[in-house]
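Spelled out from the first residue to the last, the chains are:
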Amino acid sequence: MPISGEYVPSAWKMSRDQVAGYEASGGRTHATIVGRPVVIVTYRGHRTGKVRKTPVMRVEHDGVYAMVASMGGAPTNPQWYASIVAAPHVMLQDGPEPQDFVAREVHGDEKALWWERAVEAFPTYAGYQEKTTREIPVLVLEPATGA
């Protein structure tokens, strides 16, 4: 089921431009950050109810994706983290068409496996974890069934 409603672009120009370029080209342009592939995740803001879109590093395995709430190793989680935990139905665009997914936070051995995959996809994540005292959350996005 598509996420519809009023879209509020990011206040951060780099993110706003990345999303606009990616969507306009069906993922043919604006598909990388620092030379690594990205996907676009659409979700509903937990406080405003408005539609939000965020580019995240592409961490994929067998059609399942991960979102790493690193925020560059900042002391707090990115804003999207609370929104997706509160409303886990998201749309993920990896190429021309967005698809429905359901997000869930992973822990323990499953988190360790996805963390390894994330660091392989974007090695900088390892440094982000060293930079902060918080444990960086990882959300796994699985294709929605019956959506």
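Residues numbered from 1 in each chain as written. Predicted model: local features only at pLDDT ≥ 70, side-chain atom pairs only at ≥ 80, totals over all residues. Heavy atoms only, no water.

Visitor: I keep staring at the environment of Glu120 and nothing clicks. Help me out?
Guide: As for its placement among the helices and strands, Glu120 is situated in helix 3 (residues 108-121). Glu120 sits 61 residues away from Val59 along the chain, and the two C-alpha atoms are 8.6 Å apart. (Helix = DSSP H or I, 4+ residues; strand = E, 2+ residues; numbered from the N terminus.)

Visitor: Help me understand unusual backbone geometry in this model?
Guide: The phi dihedral of His30 is positive, around 60°, even though this residue is not glycine. Within the secondary structure layout, His30 lies in the loop between helix 1 (13-25) and strand 1 (32-33). Judged by its relative accessible area of 41%, His30 falls in the partly exposed class. Residues other than glycine seldom take positive phi values, yet Asp62 does so here, at roughly 55°. Take Asp62: it is sitting in the loop between strand 4 (59-61) and strand 5 (64-68). You can call Asp62 exposed: its relative accessible area is 67%. (Buried < 20%, exposed > 50% of the residue type's maximum accessible area, 1.4 Å probe, protein only.)

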